[in-house]
Amino acid sequence: MSIEKTSAPADQAVVENPEAAAGSDVAVDPRLLVRERGFAGYISEFKRKIRAGDLGSLPVVVGLIIIWAIFASLNSNFLTAGNLSDISVAMVGTGMIAVGIVFVLLLGEIDLSVGSVSGVAGAAFAVLNVTHGMPEWLALILAILTGTVAGAIHGFVFARIGVPAFAVTLAGLLFWNGFMLQILGSNGTINLDSSGLVAKLSGYYFSDVAAAYGLAVFAVAVFFLTTFFDNRRREAAGVPSRPLSEIIVRTVLLAVVAIAAAAVFNQYKGLPLAVVLFLAVLVITDFVLRRTAYGRKIFALGGSIEASRRAGINVAAVRISVYAISGTFAAIGGLFIASKIASANQGAGAGDLLMNAIAAAVIGGTSLFGGRGRTWNALLGVLVIVSIQYGLALQGIASPVQYMITGGVLLATVVIDAVTRKTQKSAGRA
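Residues numbered from 1 in each chain as written. Predicted model: local features only at pLDDT ≥ 70, side-chain atom pairs only at ≥ 80, totals over all residues. Heavy atoms only, no water.

Caption draft 1: Region of interest: helix α15 (residues 353–364). In a regular helix each residue adds 1.5 Å, so 12 residues correspond to 16 Å; α15 covers 16 Å between its end C-alpha atoms and thus fits that length. Buried residues of α15: L353, L354, N356, A357, I358, A359, A360, A361, V362, I363 and G364, and no others. Note on α15: the residue one or two positions beyond its end, G365, has a positive phi of about 130°. (Helix = DSSP H or I, 4+ residues; strand = E, 2+ residues; numbered from the N terminus. Expected span 1.5 Å × (residues − 1). Buried < 20%, exposed > 50% of the residue type's maximum accessible area, 1.4 Å probe, protein only.)

Caption draft 2: Layout of the side chain of H154. Of note, H154 is situated in helix α6 (residues 136–161). At 3.0 Å, the side chain of H154 and the side chain of W176 are in polar contact. Contact partners of H154, with chain neighbours within four places excluded, come to S113, V117, V168, T169, G172, W176 and Y323. (Polar contact = N/O pair within 3.5 Å; in protein donor to acceptor, adjacent residues only side chain to side chain. Contact = heavy atoms within 4.5 Å.)

Caption draft 3: Structural view of unusual backbone geometry. The backbone of A342 shows a phi angle near 60°, a positive value even though the residue is not glycine. Positionally, A342 belongs in the loop between α14 (315–341) and β6 (343–345).

Caption draft 4: Looking closely at a nonpolar patch on the surface. Where nonpolar side chains cluster on the molecular surface, the patch consists of L58, V62, I66, I70 and L74 and spans about 420 Å² of accessible area. Positionally, I70 belongs in helix α3 (residues 58–74). For I70, a relative accessible area of 43% corresponds to the partly exposed category. (Patch = residues over 30% accessible without salt bridge, like charges linked within 9 Å, V, L, I, M, F, W, Y side chains within 5 Å. Areas by Shrake-Rupley, 256 points an atom, 1.4 Å probe, with all protein chains shown as cover. Salt bridge = Lys/Arg side-chain N within 4 Å of Asp/Glu carboxyl O.)

Caption draft 5: Inspection of the environment of G93 at higher detail. Tracing the sequence through the fold places G93 in helix α4 (residues 81–106). Residue classification places G93 among the buried residues on the basis of a relative accessible area of 5%. Separated by 244 residues in the primary sequence, G93 and I337 place their C-alpha atoms 5.2 Å from one another. Leaving out residues up to four positions away in the same chain, G93 has contacts with G333, F336 and I337.

Caption draft 6: Just the packing of helix α5 (residues 114–131) against α14, in detail. Contact geometry of α5 with α14 gives a least axis separation of 7 Å together with a crossing angle of 60°. The pairing of α5 with α14 is recorded here as oblique in orientation. Of the two elements, α5 crosses α14, and the hand of that crossing is right-handed. Packed against α5, whose contacting residues are V114, V117, S118, A121, G122 and F125, the element α14 presents S326, G327, A330, A331, G334, L335 and A338 at the interface. (Axes fitted to C-alpha atoms, helices over the stretch in contact; angles between N-to-C directions. Parallel < 35°, antiparallel > 145°, perpendicular 65-115°, else oblique. Left-handed = near helix turned anticlockwise from the far one by under 90°.)

Caption draft 7: Fine view of the environment of N191. By the secondary structure assignment, N191 is in strand β3 (residues 189–191). The exposure class of N191 is exposed, given its relative accessible area of 56%. Separated by 147 residues in the primary sequence, N191 and A338 place their C-alpha atoms 9.3 Å from one another. In this structure, N191 is in contact with V130, A342 and S343, ignoring residues within four places of it in sequence.

Caption draft 8: The arrangement of the nonpolar core in detail. Residues M96, V99, F125, F278 and I298 are the most contacted members of the largest nonpolar core, which totals 81 residues. By residue number, the principal contributor to this core is α4, which donates 14 residues. Of all hydrophobic cores here, the second largest spans nine residues; its members include A258, A262, F265 and V275. (Core = buried A, V, L, I, M, F, W, Y, C linked by side-chain atoms within 4.5 Å.)

Caption draft 9: Quick look at the side chain of S85. Structurally, S85 is set in helix α4. Residue classification places S85 among the buried positions, given a relative accessible area of 0%. Discounting chain neighbours no more than four positions away, the residues touching S85 are Y205, F265, Y268 and P272.

Caption draft 10: View of the packing of α5 against helix α7 (residues 165–184). For the pair α5 and α7, the least separation of the axes is 8 Å and the interaxial angle reads 20°. The orientation of α5 relative to α7 falls into the category roughly parallel. The handedness of the crossing between α5 and α7 comes out as left-handed. On the side of α5, the interface is formed by S116, V117, G119, V120, A123, A124 and V127, while α7 contributes G172, L173, W176, N177, F179, M180, I183 and L184. Here the residues of the contact of α5 with α7 are counted per class, giving 11 nonpolar, four polar and no charged. (Nonpolar A, V, L, I, M, F, W, Y, C, P; charged D, E, K, R; others polar.)

Printed below as a string of structure tokens:
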């Protein structure tokens, strides 16, 4: 959270400290006031954030709870361990693609090619491994690099030549779809080895109960330690930080969610490898965005391209790299989707995959206007979408209705995003 000056608007609570307000050079962070007032301070801070449009992930979390409650009341099988485990595995392919979309949206741009690129990656792996007998590990690497190269090409045309990203990636959508059909050949479908490396991406489970619980405990411990020592560094630097009581509360909440998830997995087949890999990707990409200079450059470009250019940021290089990242995660997502169906076919990357990936990023909380979002938004968003799909499938509701409901959820999210942005501008926080 940024440090706010006493010249900030009154709704940011700075005026509650008249001594600080007396000098324009004195910095006041609202968290200082929260800590001084205890629980009442947190309530006041929550109200202030609501007025300023700083909702964070609250709407999607509340929405997910409501969705699960509705489907659980309609069908008792929805919250069973088997169904929840299937949802967690099914969401990984689209979720991986959505992670790349988050990077692009942070720039305030769009990538319409990710569906086709994901299909190309699955087809490339199948052709190299099954048709030409290439070792799985090498075919896997080359398939992912196919997505990297495709994304880099889109980024180069956009950043260096100046063609709008919408037009470039729309052309990519058509080109890569045709390329996929070409390399698959007249047969159109290539079956993968059901016991091979790619098949295990979505089919392997750690059956030992210690695996799920161990991962949960490890994640909670890492969260507490990193947050605690980060606060210690902030205190040593004289920068306001969260009180220890708040860190403990956050850690306890995470522990409840993590252990509950582990218990659910252990009631079925165990901890899915796909979920472990997805969580690892989210942790790494979140670190890159929030803790590295490269990540700060991405946020800076999403805020203001001209200001970033004047600050010495190589705008073209960052744009190209972001689209390369988007293509890479599209390819990874495509391999997970191919793993789920154990084949590469002409329908890969088609249908609602593109829209679901973009919707997952936006529904999760990433702004379409750029400059705001986290890769964890992909997890929340894709969880909402897949939960809706599975819930409606249990009710026997046809696909057209599923599309309409998903579209309605996406529209509501975009409306909230637009209203939030206007509210933040009026509060001086945009």
